[in-house]
Amino acid sequence: MGKILMKGNEAIGEAAVRAGCLSYFAYPITPQSEVSEYLARRMPEVGGVFLQGESEVAVSYMIFGAVGCGARAFTTSSSPGISLMSEGISYIAGAELPAVFINIQRGGPGLGGILPSQGDYFQSTKGGGHGDYHLMVMAPAGVQEAVEMVMMAFPLAEKYRNPVMILGDGLIGQMMEPITFPDHLRTEPPNKDEWASNGMDTRKSSKPNLVKSLFLDPKELNAHNLLLKAKYERMKKEDVRYEPYNIDSDYQILIVSYGTMSRVCKTAIDNMKEDGMEVGMIRPQTLFPFPEAAIHDAASKAGCRVVVSIEMSVGQMVEDVERCVRGKCPVEWYGKCGGEVPTPEEIAGAVRSLLEKNAGSFGAKY
Amino acid sequence: MQNEAIFAGFGGQGILLSGKILAQAAMVQGLEVAWVPSYGPEMRGGTAYCMVVISDRPIGSPIIKNPRHLVAMNLPSLEKFAPLVKPRGVVLINSSLISIRAGRNDVDEMVIPVTDIAKDLGNVKVANIVALAAFVARSRIVDFDLLREAVTGEFARKGNLLALNMEALDRGKDAALRFR
């Protein structure tokens, strides 16, 4: 199949259909409303359902109900809408059900603005809702990668019986790029008989499946929390994804950046290379689990004097970067918010001044 | 080699569509493309622009400070973007609606009464295709035949609009070839 030119939001909708997800619930919000517009037309063509909820809270429980019955279900929203869904997300994580949530981030806090942002890093990776849980969080840097991540997200959610979040931003939703859809076989959750409340007759089982997140016995809840923790530890072992860029060069500064911001950094790195300056980058493709070892190793390389987390936020991922670098060299932050995406020229300027500022640092040597 | 073009005008002029058609033609030519719209709190009659990035390598940043070319369909667009265009880039000025010039001597300024040509064809809405054709004919950013194919693809299922847009395409190209 040849390439087609598609807007990120529409490509995300089509990718979900091709992944075999035929249940989509959503409430409109800029900058992701085209997903609903697209699927309102597309879902009936493939025998699927699009239902617009009366609010994002309702949507999160529509998802809960659908996945509890063994259906693949997903929603898309943007920052303020994801906040409203956070209660349902916590319940779904507590009930150990697979579901896919897509956040096309906009500026915040509050209503913020409608332009691209990466201000929801904490919300996605550290909780958002209440209780001891994690989402698996994937961060695409373009429309093609968004398509691939949507198609990976459903099997991963089912592998862990845990919600998966795809953290995009307004630019990825609004941009058009040429894409190809991977070959696929539309499937159903392969392990759904283990957890879905889909009828004992249907699955020819004598064991009822109970969907719940309530555990009043403290011992039972502690055991449940430890079971969830074991899943998050398994994610860290088996499903960390990242892309190293120019990492074999003799860089003195290492960038950590994800999503839209990392694309701009790549261009800045290419431009600086032409000027004889080497800069390395680790681009996390999963934000949880985070590429801890890769960042630690890259920061420990001889010659690396400083690490900078470049984000469209006032510094959220930088806290995880510091945690991974573990004092091997200074960790800095650079970024812009409010929908301003730094240009390659601005990135290069920031990198040069950070190198000057840290000229006395000997990186891994101390 | 990477080239960028900004299409800018007011909402309703078909700005986003002309960018999309250019991106489609470039993709068919085998190039990498990215199409980035403005999507602020827009309204009909407000400003609208889109950036098309075309490259023979994978595109890093779709955010561009200094684009190669500009198609300015109204006055605020020319004032806003003309200072940003790289030297030797094409700056198309829709002289039907813009009475000033780019004020630069290092760009390839092309002044065409795009909206008047469209009115002459009987529909002001095809001004975007007239401008797109003139721009491609001048900049050769993509193969003109592939642009024709992309316009055909866009309007093939829209009845009598196809013939009108093909006519707009030819008139735009002629205007560019006759300029100066």
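Up top you'll find the structure we're talking about.
Summary of the structure given here.

## Some thoughts on the side chain of R68 of chain B
All names here are of chain B. For R68, the position within the fold is in the loop between β3 (47-55) and β4 (69-72). The side chain of R68 is buried and forms no salt bridge, while E4, the nearest opposite charge, is found at 5.2 Å. Polar contacts involving the side chain of R68 include one to the side chain of N3, which spans 3.3 Å. Setting aside residues up to four positions removed in sequence, R68 forms contacts with M1, Q2, N3, E4, V85, K86, P87, G89 and V90.

## Structural notes on the sheet that holds strand β13 (residues 306-311) of chain A
All names here are of chain A. The strand order across the open sheet formed by 5 strands is β9-β11-β10-β13-β14, and the pairing between neighbours is mixed. Looking at which strands have only one partner, the edges of the open sheet turn out to be β9 (242-245) and β14 (331-335). Neighbour-to-neighbour, the strand axes of this sheet turn through a mean angle of 20 degrees, independent of strand direction. As paired elements, β9 and strand β11 (residues 279-284) share 4 bridges and run antiparallel to each other. By the bridge assignment for β11, E243 is matched with R283. Docked against the sheet, helix α11 (residues 317-325) engages β10 (253-256), β11, β13 and β14, running at close to 155 degrees with respect to β13.

## Remarks on the packing of aromatic side chains
Residue and element names in this part refer to chain A. Under the defined criterion, the tally for this structure stands at 10 aromatic pairs over all chains. Judged by centre distance (6.3 Å) and plane angle (85 degrees), the ring pair of Y232 and F288 falls under edge-to-face. Of this pair, Y232 sits in helix α8 (residues 218-238) while F288 sits in strand β12 (residues 286-288); the two residues are 56 residues apart in sequence, bridging distant segments of the chain. For the pair Y232 and F288, a shared accessibility class is recorded, and that class is buried.

## A few points about unusual backbone geometry
A cis amide bond links G108 of chain A to the next residue, P109 of chain A, at an omega of 0 degrees. Here P109 of chain A is to be found in the loop between β5 (100-105) and α5 (121-126). At the junction of F288 of chain A and P289 of chain A, the peptide bond is cis and its omega measures out at -5 degrees in the coordinates. Inspection of the secondary structure assignment puts P289 of chain A in the loop between β12 and α10 (292-300). For R88 of chain B, which is not glycine, the phi torsion reads 75 degrees and is therefore positive. With respect to the helices, strands and loops of the structure, R88 of chain B is situated in the loop between α2 (75-81) and β5 (90-94). The backbone of R140 of chain B sits at a positive phi, close to 50 degrees, despite the residue not being glycine. Residue position: R140 of chain B is located in the loop between α4 (127-139) and α5 (144-155).

Definitions and cut-offs
- Residues numbered from 1 in each chain as written.
- Chains lettered and ligands numbered in written order.
- Predicted model: local features only at pLDDT ≥ 70, side-chain atom pairs only at ≥ 80, totals over all residues.
- Heavy atoms only, no water.
- Helix = DSSP H or I, 4+ residues; strand = E, 2+ residues; numbered from the N terminus.
- Buried < 20%, exposed > 50% of the residue type's maximum accessible area, 1.4 Å probe, protein only.
- Lys, Arg positive; Asp, Glu negative; His and termini not counted.
- Salt bridge = Lys/Arg side-chain N within 4 Å of Asp/Glu carboxyl O.
- Polar contact = N/O pair within 3.5 Å; in protein donor to acceptor, adjacent residues only side chain to side chain.
- Contact = heavy atoms within 4.5 Å.
- Pairing = 2+ DSSP bridges.
- Axes fitted to C-alpha atoms, helices over the stretch in contact; angles between N-to-C directions.
- Phe/Tyr/Trp six-rings, centres within 6.5 Å; stacked < 30°, edge-to-face > 60°.

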